[in-house]
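# Per-entry structural report
Here's the letter readout for the chains.
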Amino acid sequence: MSSKDAPPPLPEPLLVEVADSHTHLDMQSGTVEEALTKAAAVGVTTVVQVGCDIKGSQWAAETAARHENVHAAVALHPNEAPRIVLGDPDGWSRQGAREGGGEAALDDALAEIDRLAALPYVRAVGETGLDHFRTGPEGMAAQERSFRAHIEIAKRHGKALVIHDREAHADVLRVLDEEGAPERTVFHCYSGDAEMAEICAAKGYYMSFAGNVTFKNAQPLRDALAVAPLELVLVETDAPFLTPAPYRGRPNAPYLIPVTVRAMAAVRGITEQELAAAIAVNTARAFDY
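Described below are features of the structure shown in this document. This is a predicted model, so every value here is computed, not measured. (Residues numbered from 1 in each chain as written. Predicted model: local features only at pLDDT ≥ 70, side-chain atom pairs only at ≥ 80, totals over all residues. Heavy atoms only, no water.)

### Section: the side chain of serine 146
Note the cut-off: What counts as a helix is a DSSP run of H or I of at least four residues, what counts as a strand is a run of E of at least two, and both are numbered from the N terminus. Partly exposed residues are those whose accessible area sits between 20% and 50% of the maximum for their type, while under 20% is buried and over 50% is exposed, using a 1.4 Å probe and protein chains only.
With respect to the helices, strands and loops of the structure, serine 146 is situated in helix α5 (residues 140-157). Residue serine 146 is classed as buried on the basis of its relative accessible area of 1%.

### Things to note about the pattern of salt bridges
For the record, the criterion: Salt bridges are identified by distance alone: a Lys or Arg side-chain nitrogen within 4 Å of an Asp or Glu carboxyl oxygen.
As enumerated under the stated definition, the model contains 16 salt bridges in all. As a salt-bridge pair, arginine 148 and glutamate 144 come within 2.8 Å of each other at their nearest N and O atoms. Taken together, the positions of arginine 148 and glutamate 144, both in helix α5 and four residues apart, correspond to about one turn of that helix. As a salt-bridge pair, arginine 148 and glutamate 179 come within 2.7 Å of each other at their nearest N and O atoms. A residue pair is termed long-range when its members are at least 10 positions apart, and arginine 148 in helix α5 and glutamate 179 in helix α6 (residues 169-179) qualify at 31 residues.

### Describing helix α4 (residues 102-117)
What counts is decided by this rule: Given a helix with a known number of residues, its expected span is that number minus one, times 1.5 Å. The arc refers to the directions leading from the helix axis to the C-beta atoms. Contacts between residues were defined by any pair of non-hydrogen atoms, one from each residue, lying within 4.5 Å.
The first and last C-alpha atoms of α4 sit 23 Å apart over 16 residues, in line with the 22 Å expected at 1.5 Å per residue. Listed as buried for α4 are Leu106, Ala109, Leu110, Glu112, Ile113, Leu116 and Ala117. The buried side chains of α4 occupy one side of the element, clustering within an arc of 155° when seen end-on. Residues of α4 that are buried sit in contact with α2 (54-66), β3 (70-74), α3 (80-86), β6 (122-131) and α5.

### Re the environment of valine 175
In this fold, valine 175 is placed in helix α6. Once the C-alpha coordinates of valine 175 and proline 78 are considered, the two residues, 97 residues apart in sequence, prove to be 13 Å apart. Sequence-distant contacts of valine 175, defined by excluding residues within four places in its chain, comprise Leu130, Glu144, Phe147, Arg148, Ile151 and Gly180.

### Focus on the packing of helix α8 (residues 219-227) against helix α9 (residues 257-268)
Stated precisely, the cut-off is as follows: Here the axes come from fitting lines to C-alpha atoms, over the contacting stretch only for helices, and the angles between their N-to-C directions go from 0 to 180 degrees. Orientation labels follow simple angle bins: below 35 degrees gives roughly parallel, above 145 gives roughly antiparallel, 65 to 115 gives roughly perpendicular, and whatever is left gives oblique. Put simply, a crossing is left-handed when the front helix is turned counterclockwise from the back one by less than a right angle, and right-handed when it is turned clockwise. The residue classification treats Ala, Val, Leu, Ile, Met, Phe, Trp, Tyr, Cys and Pro as nonpolar and Asp, Glu, Lys and Arg as charged. All others, Gly included, are polar.
Running from N to C, α8 and α9 cross one another at 70°; their axes reach a closest spacing of 9 Å. One finds that α8 runs roughly perpendicular with respect to α9. The two elements α8 and α9 cross, and the hand of that crossing is right-handed. Along its contact with α8, which presents Arg222, Leu225 and Ala226, the element α9 presents Met264, Val267 and Arg268. Class assignment of the residues belonging to the contact of α8 with α9 gives a composition of four nonpolar, no polar and two charged.

The following block contains the structure:
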């Protein structure tokens, strides 16, 4: 195993326990138990396992049912919805190449998300939202229809909404305004600037920061973190993606949360304990556990 593929070392443990508000354990190597044990060893004692398609959402719900410190979020990822409707000839997603099933197939998939969202271990509907980076104009309608349906499902079940917003800030905010956002709405891997953070703050949306807040070119993210109200700040890995510096490019996992927490505390000019204590309370409030 080259050093680039090797898991980074365990960081110094946090003295105040925190939650990883967004992770994909099903995409990481090793077992769920191993991941949770490693994370708990450094003070990351709770994780939110996020589904991106039907199979992943079913797995998230089952895993949360088995583990007290795992909470599930279920959804069709914004890039999954157009693939269901239009097909995926390149086999880009984990399902491989697929024929399009049209609107009826999206209805069926949304019905299954609705069923899963009713389960007690499922604390959120997400990640849903809009992605103008990976989905072209032909997929926008399916993406937006799916997003609106997920907002309705979250509200009907009284669950949090977890948003994926990639190069789609204005449209995501517009759809939330048009539909009426759920009481608890989380911008996962917050990617806006300070100006958008002020809009989110005014609306009471949570902003969850990932390892990319540590990247050299991420000053706009750090500016956003600096102005976000402390009671609306969460932390996440989005593992196995977005590994924080200095381990960028190597596999991410929940046990690396302390690296990001320390970088965030430095941006805020507070101690890591103060930030961790706030994050722990915020995550429990956001996901109602």
